[in-house]
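Structural characterization, general
Here is what each chain is made of, one letter per residue.
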Amino acid sequence: MTSPHTPVDTPERVALRAAVSSFAKGHAPGGPQEGDGAAELWAEAGKLGYLGVNLPEEYGGGGGGITELSIVLEELGAAGCPLLMLVVSPAICGTVIARFGTAGQKERWLPGLADGSVTMAFGITEPDAGSNSHRITTTARRAEGGGWILNGRKVFITGVDNADAVLIVGRTEDARTGKLKPCLFIVERDTHGFSHHHIPMELAAAEKQFELVLDDVALPADALVGDEDAGLLQLFAGLNPERIMTAAFALGMGRYALDKAVNYARTRQVWKEPIGAHQAIAHPLAQAHIELELARLMMAKAAYLYDEGDDAGAGEAANMAKYAAGEAAVRAVDQAVHTLGGNGLTAEYGLARLITAARVARIAPVSREMILNYVSHQTLGLPKSY
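Residues numbered from 1 in each chain as written. Predicted model: local features only at pLDDT ≥ 70, side-chain atom pairs only at ≥ 80, totals over all residues. Heavy atoms only, no water.

1. Focus: the overall build of the protein chain
Helices and strands together make up the secondary structure of the protein chain, namely 10 helices and 8 strands. Taken against the 2.2 N^0.38 rule, which gives 21 Å for 386 residues, the C-alpha radius of gyration of the protein chain at 21 Å falls within 12% of a compact globule. Overall, the protein chain is about 80 × 50 × 40 Å in size when its C-alpha atoms are taken along their principal axes. Counting all 386 residues of the protein chain, 52% fall into the buried class. Restricting to contacts in the protein chain with at least 6 residues of sequence separation, those with at least 24 account for 70%. Accessible area of the protein chain: about 17,300 Å², with a carbon and sulfur share of 53%. Mean positive and mean negative side-chain charge positions of the protein chain (33 and 45 charges, respectively) differ by 6 Å. (Helix = DSSP H or I, 4+ residues; strand = E, 2+ residues; numbered from the N terminus. Rg over C-alpha atoms; globule rule 2.2 N^0.38 Å. Buried < 20%, exposed > 50% of the residue type's maximum accessible area, 1.4 Å probe, protein only. Contact = heavy atoms within 4.5 Å. Areas by Shrake-Rupley, 256 points an atom, 1.4 Å probe, with all protein chains shown as cover. Lys, Arg positive; Asp, Glu negative; His and termini not counted. Charge placed at Lys NZ, Arg CZ, Asp CG, Glu CD.)

Written out as structure tokens, the structure reads:
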């Protein structure tokens with residue numbers, strides 16, 4: 001199947017999609033990247049400018065937006081070599097720093113994030129907070145001399161072992177009200193008091209998951225990103241791209257699985273015709289294709305709204321895109337495995353490992369149930385149950 005296009009694909013985006021697709025197909029091992037292969041792919045993609053297509057040109061980026069970066073991740077995934085850190089390093093951290101960082105922070109971090117020589121993880125999830133960001137207990141207090149002291153724990157933080165720093169979501173106390181409010185801090189990995197511990201996962205992915213511990217981590221004043229009084233706005237400036245990029249991750253995976261299944265159904269012959277001639281095989285694959293295409297259109301809408309500066313509209317669309325893509329990917333992978341039968345569970349075809357991977361898009365960075373809550377409250381105006 002050819003690489004698809006959307007109504008917002010300009011000639012430059014069409015060319016980008018084709019270039020990344022060709023690049024990825026030349027590097028794909030036939031499944032998720034592992035070990036040194038992922039590091040090499042990351043480095044080469046960075047040299048070609050693919051990792052920083054969304055970052056400002058004055059800092060070495062491509063000057064595009066989340067639309068361009070989602071194209072890169074989708075096409076890498078469709079070839080079987082997704083880079084999950086694209087969701088985190090340039091999409092979340094790069095976007096937040098580009099929009100709200102100081103001149104010094106931009107000079108320090110953006111060029112490396114753009115060319116891939118620097119990576120940054122993102123720490124928001126906590127063991128006792130789950131999807132309730134209002135229960136985040138990682139706190140920052142003012143230190144003598146104008147700096148900060150950060151304490152707390154984070155879990156399921158991607159790629160900390162290879163990251164130069166982590167963008168941490170903490171909370172500071174409002175001197176006027178005494179209430180805690182969200183703020184973002186850049187914590188370099190070798191900072192005293194900062195430690196990370198691997199969380200073993202039954203997930204075939206190059207990127208590992210970690211628990212973070214921040215024990216009286218002393219930070220300089222310029223570790224704070226943006227305005228202390230606008231932390232929530234700045235946080236969602238990173239979370240909307242995260243949802244859009246998770247949709248791209250899911251769509252790439254779904255396209256990869258579907259392509260494997262379609263090629264198998266065209267050639268696998270048990271009776272007189274290939275099995276793809278039978279509607280019991282053909283129709284579910286056609287349905288999977290339709291669902292993936294519908295999710296891609298919503299992702300394109302979300303990316304367009306975000307790149308146009310419509311944060312409110314992008315919030316709704318990004319949640320919908322992430323929901324739709326996650327559902328479509330799970331069904332596409334399931335049907336692909338079922339199409340291949342026993343071969344769908346073999347290492348040779350590399351589909352069985354996607355059964356677990358596909359569920360990530362349903363669970364992270366926000367569950368499908370919380371997205372349904374968001375839509376029912378924010379869009380439909382229904383009352384909250386919590």
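There's more to say after this.
2. Considering the packing of aromatic side chains
The tally for this structure, following the rule as stated, stands at 3 aromatic pairs. Their ring planes at 85° and their centres at 5.8 Å tell us that Tyr-264 and Tyr-349 sit as a pair that is edge-to-face. A residue pair is termed long-range when its members are at least 10 positions apart, and Tyr-264 in helix α6 (residues 231-267) and Tyr-349 in the loop between α8 (311-340) and α9 (352-363) qualify at 85 residues. (Phe/Tyr/Trp six-rings, centres within 6.5 Å; stacked < 30°, edge-to-face > 60°.)

3. Some points on the domain arrangement of the protein chain
It is common to give the size of an interface as the accessible area that goes away when the parts come together. What the domain assignment lists for the protein chain is domain 1 (11-115), domain 2 (120-228) and domain 3 (232-379). On a C-alpha basis, the centroid separation for the pair domain 1 and domain 3 is 20 Å. Approximately 2,100 Å² of surface area, both sides summed, lies buried where domain 1 meets domain 3, with 65% of it carried by carbon and sulfur atoms. When the buried area of domain 1 at its contact with domain 3 is split by residue, Ile-66, Glu-74 and Phe-100 rank highest and sum to 25% of it. Linking domain 1 with domain 3 are 4 salt bridges, by the criterion used here. Salt-bridge contacts for Arg-99 lead to Asp-311; the nearest nitrogen and oxygen are separated by 3.1 Å. Seen at the junction of domain 1 and domain 3, the total is 8 residue pairs in polar contact (both at pLDDT 80 or more). Where the side of domain 1 that touches domain 3 is concerned, the elements lending two or more residues are α3 (66-78) and α4 (85-100). When its residues are assigned to classes, the side of domain 1 that touches domain 3 shows 14 nonpolar, 8 polar and 6 charged. (Domains from an automatic or database assignment. Buried area = accessible area lost by both parts, 1.4 Å probe. Salt bridge = Lys/Arg side-chain N within 4 Å of Asp/Glu carboxyl O. Polar contact = N/O pair within 3.5 Å; in protein donor to acceptor, adjacent residues only side chain to side chain. Nonpolar A, V, L, I, M, F, W, Y, C, P; charged D, E, K, R; others polar.)

4. A look at the nonpolar core
Counting residues in each nonpolar core, the largest one holds 94 residues, and the members touching the most others are Leu-76, Leu-86, Met-120, Phe-122 and Leu-167. Sort the elements by how many residues they give to this core and α6 lands first, with 18 residues. Counting 20 residues, the second-largest nonpolar core is a separate cluster that includes Ala-121, Trp-148, Leu-212 and Leu-224. (Core = buried A, V, L, I, M, F, W, Y, C linked by side-chain atoms within 4.5 Å.)

5. Some words on α4
Taking 1.5 Å per residue as the helical rise, α4 with its 16 residues ought to reach 22 Å, and the 21 Å between its terminal C-alpha atoms agrees with that figure. Of all the bends found along α4, the most pronounced is centred on Gly-94 and spans about 35°. (Expected span 1.5 Å × (residues − 1). Bend = angle between axes of the 7 residues up to and from the residue.)

6. Here's the deal with unusual backbone geometry
At the junction of Ala-364 and Pro-365, the peptide bond is cis and its omega measures out at -5° in the coordinates. Positive phi values are uncommon outside glycine, yet Phe-156 reaches one of about 55°. Residue placement: Phe-156 occurs in strand β3 (residues 148-158). Despite not being glycine, Asp-216 shows a phi value in the positive range, around 50°.

7. A look at the pattern of salt bridges
One pass over the full model with this rule turns up 21 salt bridges. Note that Glu-293 is salt-bridged to Arg-296, the shortest N-O span being 3.8 Å. Within this pair, Glu-293 and its partner Arg-296 are both found in helix α7 (residues 279-307), separated by 3 residues, close to a single helical turn. One salt-bridge network, in which partners are shared between bridges, spans Asp-9, Arg-17, Glu-74, Glu-75, Arg-255, Glu-293 and Arg-296.

8. Examining a nonpolar patch on the surface
Judged by side-chain polarity, Ile-290, Leu-294 and Leu-297 come together as a nonpolar surface patch covering roughly 300 Å² of accessible area. Structurally, Leu-297 can be placed in helix α7. (Patch = residues over 30% accessible without salt bridge, like charges linked within 9 Å, V, L, I, M, F, W, Y side chains within 5 Å.)

9. A look at the UniProt feature "domain: Acyl-CoA dehydrogenase/oxidase C-terminal" (unreviewed entry) in the protein chain
UniProt annotation of "domain: Acyl-CoA dehydrogenase/oxidase C-terminal" (unreviewed entry) refers to residues 231-373 when read in the numbering used here. With 80% helix and 0% strand, residues 231-373 has end C-alpha atoms that lie 23 Å from one another. (UniProt positions renumbered as here; feature names shortened; annotations may be inferred.)

10. Section: the pairing of strand β4 (residues 165-173)
Burial of β4 is extensive: 8 of the 9 residues sit out of reach of the surface. Note: strand β2 (residues 139-142) against β4, 2 bridges, orientation parallel. Counterpart to Thr-139 in the pairing with β4 is Arg-171. Relative to strand β5 (residues 180-188), β4 runs antiparallel, the two sharing 9 bridges. (Pairing = 2+ DSSP bridges.)

11. Observations regarding the side chain of Glu-126
If you trace the backbone, Glu-126 turns up in the loop between β1 (120-123) and β2. Among the residues examined, Glu-126 registers a relative accessible area of 4% and is labelled buried. A polar contact of 2.6 Å, which involves the side chain of Glu-126, links it to the side chain of Thr-138.

12. Some details on the packing of α3 against α6
Relative to each other, α3 and α6 sit at 30°, their axes nearing to 7 Å. The angle between α3 and α6 falls in the class roughly parallel. Here the hand of the crossing between α3 and α6 comes out right-handed. Residue-level inspection shows Ile-66, Leu-69, Ser-70, Leu-73, Glu-74, Glu-75, Gly-77 and Ala-78 of α3 in contact with α6, the latter providing Pro-241, Ile-244, Met-245, Ala-248, Phe-249, Leu-251, Gly-252, Met-253, Arg-255 and Tyr-256. Taken together, the residues of the contact of α3 with α6 break down into 12 nonpolar, 3 polar and 3 charged. (Axes fitted to C-alpha atoms, helices over the stretch in contact; angles between N-to-C directions. Parallel < 35°, antiparallel > 145°, perpendicular 65-115°, else oblique. Left-handed = near helix turned anticlockwise from the far one by under 90°.)

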